[in-house]
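# Structural features, examined
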Amino acid sequence: MSTVVARRQGLTGNDAVALAWRQINPDVVAAYPITPSTQVVERFARYLADGEATTEFVPTESEHSAISACVGASAAGARVMTATSSQGLALMHEVLYIASGLRLPIVMAVATRALSAPLNIHGDHSDVMGSRDAGWVQLYAGTVQEAYDLSILAVRVAERARVPVMVCLDGFTLSHSLEPVLVYADDAVRAFVGEARTSGYRLLDGEGAGPLTVGPLALPDAYMDFRRALANAMGRALEVIAGETAAFNAHFGRDLPVHLEASGLEEADGALLLLGSTADVVREALAGRSSASGRIGVVRLLTFRPFPAEAVRQALSHVARVVVMDRADSLSTLGGPLGIEVRAALYGQAFPPAVTDVIYGLGGRELRARDLERLRALFQEEPVPGPVYLGVEDG
Amino acid sequence: MSLNLRELSKRSQGLAPGHRACAGCGIPVLVRLLLAVAPDPPVVVNATGCLEVVSTIYPYSAWPVPWLHNAFENAAATASGVEAAARALFARGRIRRVPKVVAIGGDGGTYDIGLQSLSGAIERGHDFLYICYNNEGYMNTGIQRSSATPPGARTTTTPVGAHGRGKLEPRKDLTEIVVAHGVRYAAQASISHWGDLAKKLQKALATPGPTFLNVLTPCQPGWDYPPEDLVEIARLAVETRYWPLYEVADGRYRLTFTPRPPLPVRAWLERQGRFRHLLDDPEAVERFQAWVDANWDRLTARLK
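Residues numbered from 1 in each chain as written. Chains lettered and ligands numbered in written order. Predicted model: local features only at pLDDT ≥ 70, side-chain atom pairs only at ≥ 80, totals over all residues. Heavy atoms only, no water.

### Points about the overall build of chain A
How we decide: By definition, any uninterrupted DSSP run of H or I lasting at least four residues is a helix, any uninterrupted run of E lasting at least two residues is a strand, and each is numbered from the N terminus. Radius of gyration: over C-alpha atoms. The globule rule applied is 2.2 Å multiplied by the number of residues raised to the 0.38 power. Buried means the residue's accessible area, taken with a 1.4 Å probe over protein chains only, is under 20% of the maximum for its type, while exposed means over 50%, and partly exposed covers the values in between. Contact criterion: two residues are considered in contact whenever any of their non-hydrogen atoms come within 4.5 Å of each other. We get accessible surface area from the Shrake-Rupley algorithm with a probe of 1.4 Å; when it comes to residues, only the shown protein chains can shield them.
Each helix and strand counted, chain A has 12 helices and 17 strands in total. What you see for chain A is a C-alpha radius of gyration of 21 Å, in line with the 21 Å of a compact globule of 395 residues. Once the C-alpha set of chain A is aligned to its principal axes, its extents read approximately 70 × 55 × 40 Å. The proportion of buried residues among the 395 residues of chain A is 59%. Long-range pairs, those at least 24 residues apart, make up 80% of the contacts in chain A between residues at least 6 apart in sequence. As displayed, chain A offers around 14,900 Å² of accessible surface, 53% of which is attributable to carbon and sulfur atoms.

Laid out in structure tokens, this is it:
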């Protein structure tokens, strides 16, 4: 252990991602700065300037070109990373599908943020939820430590599952907050990620590989087979994440949860289910307390894509009520993306828990004490089909 | 390397027979010459468009070299990534040579939707050649106007009717926009003048850093000419001074072909259906000639 954990260090989420990148020393980073992920690239550029990494850095003129360059570099056989947020991720949207369709193991850090309009630079999950069907694995950090851990884990998940991976850290709440982080030795990180298992494409290998055509036109006789193959890969990615998390924990002596973290569910009557850093806040607020309807546990998903339905069903198998906290809206009138998926995962069970979906914290709106009271009260109320908007006058 | 056409034609790596380009299309002429002239197999990055669609329907490919297609507007950005990867992998000993990266796109993917990506990649100084196969419209999607479409041309978004007289605006001068970036080599060429085009391809491939070729490649359905007239149509564009052949190397302008005497532009216009409505209107033809003359004068004023 002592050779694996080098030190304990105060880091922000963005610092932690940049540090992981320096230790991984990828072949290519292409990025365009955007709040609140900007410092990832700034810190990484500083590492390059100081000679602490040897990555080729492509400072593009837009996020669209950043992810486009990542596709080119990854298809050429390089290990590739980028970072973005919000409008930047939205601008990448077209190429996200191309990266996954070509099965390129690109790793992207997303410091999550609201989408315009109105313009807002603060944290929620609207940006990443807009990319949820793009064929990327989405992992959500709950702490700065996890932002660091998942940045390292993501490399192996992407290269073994052969799909791209987003590591999501809550904008400002994690990207800019300083936390003590267990930092691993450079050697230990490099040993874990190993030599790049590249995309499998060898555009640059003129010797023996022969000409290779990547990204052709595919007509109705072929296109759907490619999409089905991608769906299969996403299905396998659940197992890959589980296996690689176990390998990660064994290698670094850590206890990173597989897909989700459940706490306080023993003897619980209800559960809050959510993504990201808010879990710590609600867990603290609920600790040792019971609502009128009984004890409330907390389920925090680390894996959102692919959706870990079986793990969610198991975690919620003994509770009667679930309140899902969505930090994004689907604007379908059915609730946020997380609530809709939890309901879908529970549908068809013999005695499914009743689900209420709560939309909270959009554009950085904070959870207040009275919001937590409202959350507790929801466990006593009849579930409603549509979402409850927490912290808004008319709810 | 000698530019003997007989020798070039023997070089093995051409675009394979079986591509689906229209009869009378100028693009395969350009691509075959590129592949014949390149000293080593380049990595080709292709923007969405005619060339990508006609050369790669899965599971077939007409490409004898490594080839990548990403999307419409990002060939230059994608080439940036390939080039950066080549440098990284070579520095780390994972590949034994750094191939030249060639990005290729139509005028839609270059003059219009891809302009930002092209400008960014050139500004960053990537070592790559960008070739625009310029057929003066969005031909792959059904002959709509682009900013490379000449004034007066009939397209499906600038139709000719009781009130429509074809495209109203002159075309964008992309070659000059690229030159303004300070590239070490940029040129205009035409598939009709193969020797000139081959030399420019050679120079562009041999010059380190970003280089650019704007190549006129007539489009049979878009321009509406008999397929067998392909090379003749392209030649008339040059001989009427409509499409000057020139290069800018390290800031020095040079005409690489001077039509003596230049033909009136009408000789080029009257061979294509897209300008048919202009021909009965002497004033329209005169305006077109005046536009061509002004472009020529502006270009020749830069010659040193």
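### Here we look at the overall build of chain B
Across its full length, chain B carries 12 helices and 8 strands. Its C-alpha radius of gyration of 19 Å places chain B within 12% of the 19 Å reference for a compact globule of 304 residues. Reported as C-alpha extents along the three principal axes, the dimensions of chain B are approximately 65 × 50 × 40 Å. Looking at chain B as a whole, 58% of its 304 residues are labelled buried. Long-range contacts, defined as pairs at least 24 residues apart, comprise 69% of the intrachain contacts of chain B with a sequence gap of at least 6. With the model as given, the accessible surface of chain B reaches about 11,900 Å², and the carbon-plus-sulfur share is 54%.

### Looking at the interface of chain B and chain A
Threshold: Two parts placed together each lose some accessible area under a 1.4 Å probe, and adding up what both lose gives the buried area. A pairing counts as a salt bridge when a side-chain nitrogen of Lys or Arg comes within 4 Å of a carboxyl oxygen of Asp or Glu. The definition of a polar contact used here is a pair of N or O atoms within 3.5 Å, where within protein one atom must be able to donate a hydrogen and the other to accept one, and adjacent residues in sequence count solely through side-chain atom pairs.
Each partner contributes residues to the interface: chain B has 39 residues there, and chain A has 44 residues. Interface area, chain B with chain A, both sides summed: about 3,200 Å², of which 59% is carbon and sulfur. When residues of chain B are sorted by the area they lose upon contact with chain A, B:Tyr58, B:Arg92 and B:Arg124 head the list and together hold 18% of the total. The partner of B:Arg87 in a salt bridge is A:Glu56, with the nearest N and O atoms 2.5 Å apart. Between the two partners, chain B and chain A, sit 19 residue pairs in polar contact (both at pLDDT 80 or more). Going through the elements one at a time, helix 3 (50–55), strand 2 (67–69), helix 4 (75–91) and helix 6 (115–123) of chain B are the ones with two or more residues in the side of chain B that touches chain A. For the side of chain B that touches chain A, the leading source of residues is helix 4 of chain B, giving 11 residues.

### A word on the packing of helix 2 (residues 27–37) of chain B against helix 8 (residues 194–206) of chain B
All names here are of chain B. The following threshold applies: Angles run from 0 to 180 degrees between N-to-C directions of axes, and those axes are lines fitted to C-alpha atoms, restricted for helices to the stretch in contact. The cut-offs work like this: below 35 degrees is roughly parallel, past 145 is roughly antiparallel, 65 to 115 is roughly perpendicular, and the gaps in between are oblique. Put simply, a crossing is left-handed when the front helix is turned counterclockwise from the back one by less than a right angle, and right-handed when it is turned clockwise.
Direction vectors running N to C along helix 2 and helix 8 enclose 50°, while the axes themselves pass 10 Å from each other. On the basis of the axis angle, helix 2 is oblique to helix 8. The handedness of the crossing between helix 2 and helix 8 comes out as right-handed. On the side of helix 2, the interface is formed by Leu-30, Leu-33, Leu-34 and Val-37, while helix 8 contributes Trp-194, Leu-197, Ala-198, Leu-201, Gln-202 and Leu-205.

### Some thoughts on helix 12 (residues 282–300) of chain B
All names here are of chain B. Note the threshold: Working rule for helices: expected span equals 1.5 Å times residues minus one. Starting at the helix axis, one direction is taken to each C-beta atom, and the arc is that of these directions.
Helix length check: helix 12, at 19 residues, gives a terminal C-alpha distance of 27 Å against a target of 27 Å (1.5 Å per residue), a fit within 8%. All of the buried residues in helix 12 are Ala-284, Val-285, Phe-288, Trp-291, Val-292, Asn-295, Trp-296 and Leu-299. End-on view of helix 12: buried residues confined to an arc of 135°, all on one side of the axis. Exposed and oriented more than 90 degrees from the buried face of helix 12 are Pro-282, Glu-283, Glu-286 and Arg-287. On its buried face, helix 12 is in contact with strand 7 (246–249), strand 8 (252–255) and helix 11 (266–269).

### Comments concerning the packing of helix 1 (residues 13–24) of chain A against helix 2 (residues 38–49) of chain A
All names here are of chain A. Operational definition: Gly is put with the polar residues, along with every residue not named as nonpolar or charged; the nonpolar set is Ala, Val, Leu, Ile, Met, Phe, Trp, Tyr, Cys and Pro, and the charged set is Asp, Glu, Lys and Arg.
Viewed as axis vectors pointing N to C, helix 1 and helix 2 meet at an angle of 40°, and their least axial separation amounts to 8 Å. Between helix 1 and helix 2, the interaxial angle falls into the category oblique. Between helix 1 and helix 2 lies a crossing of right-handed hand. Here Asn-14, Asp-15, Val-17, Ala-18, Leu-19, Trp-21 and Arg-22 of helix 1 come into contact with helix 2, specifically with Gln-39, Val-40, Arg-43, Phe-44 and Tyr-47. In terms of residue class, the contact of helix 1 with helix 2 is built from 7 nonpolar, 2 polar and 3 charged.

### Quick look at the sheet that holds strand 2 of chain B
What counts, and what does not: Between any two strands, at least two bridges found by DSSP are needed for them to pair.
Pairing is mixed across the open sheet formed by 9 strands, whose spatial order is 9(A)-2(B)-1(B)-3(B)-4(B)-6(B)-5(B)-7(B)-8(B). The strands lining the two open edges of the sheet, one partner per strand, are strand 9 (213–214) of chain A together with strand 8 of chain B. The sheet contact formed by strand 1 (residues 43–46) of chain B and strand 2 of chain B spans 3 bridges and is parallel. Among the inter-strand pairings, B:Val45 is bridged to a residue of strand 2 of chain B, identified as B:Leu68. Contacts between helix 4 of chain B and the sheet are confined to strand 1, strand 2, strand 3 (101–106) and strand 4 (128–134) of chain B, with strand 1 of chain B contributing the most and set at about 150° to the helix.

### Here's the deal with the pairing of strand 13 (residues 294–301) of chain A
Put simply, side chains in a regular strand alternate between the two faces of the sheet. Residue and element names in this part refer to chain A. Counting buried residues in strand 13 gives 7 out of 8 residues, a clear majority hidden from the surface. Bridging between strand 10 (residues 260–263) and strand 13 involves 4 bridges; their strand directions are antiparallel. Residue pairing in the sheet places Glu-261 in a bridge with Arg-300 of strand 13. With 6 bridges connecting them, strand 11 (residues 270–275) and strand 13 associate as parallel partners. Note on strand 13: the bridge partner recorded for Ala-271 is Gly-297.

### Considerations on the nonpolar core
What counts, and what does not: By convention a nonpolar core is built from buried Ala, Val, Leu, Ile, Met, Phe, Trp, Tyr and Cys residues, the set being connected through side-chain atoms within 4.5 Å.
Counting residues in hydrophobic clusters, the biggest one holds 158 residues, and the most contacted among them are A:Leu273, A:Leu316, B:Ile131, B:Leu213, B:Trp268 and B:Phe288. Tallying contributions element by element places helix 4 of chain B first for this core, with 9 residues. Ranked by size, the runner-up nonpolar core spans 60 residues in total, among them A:Phe44, A:Ala109, A:Ala141 and A:Phe248.

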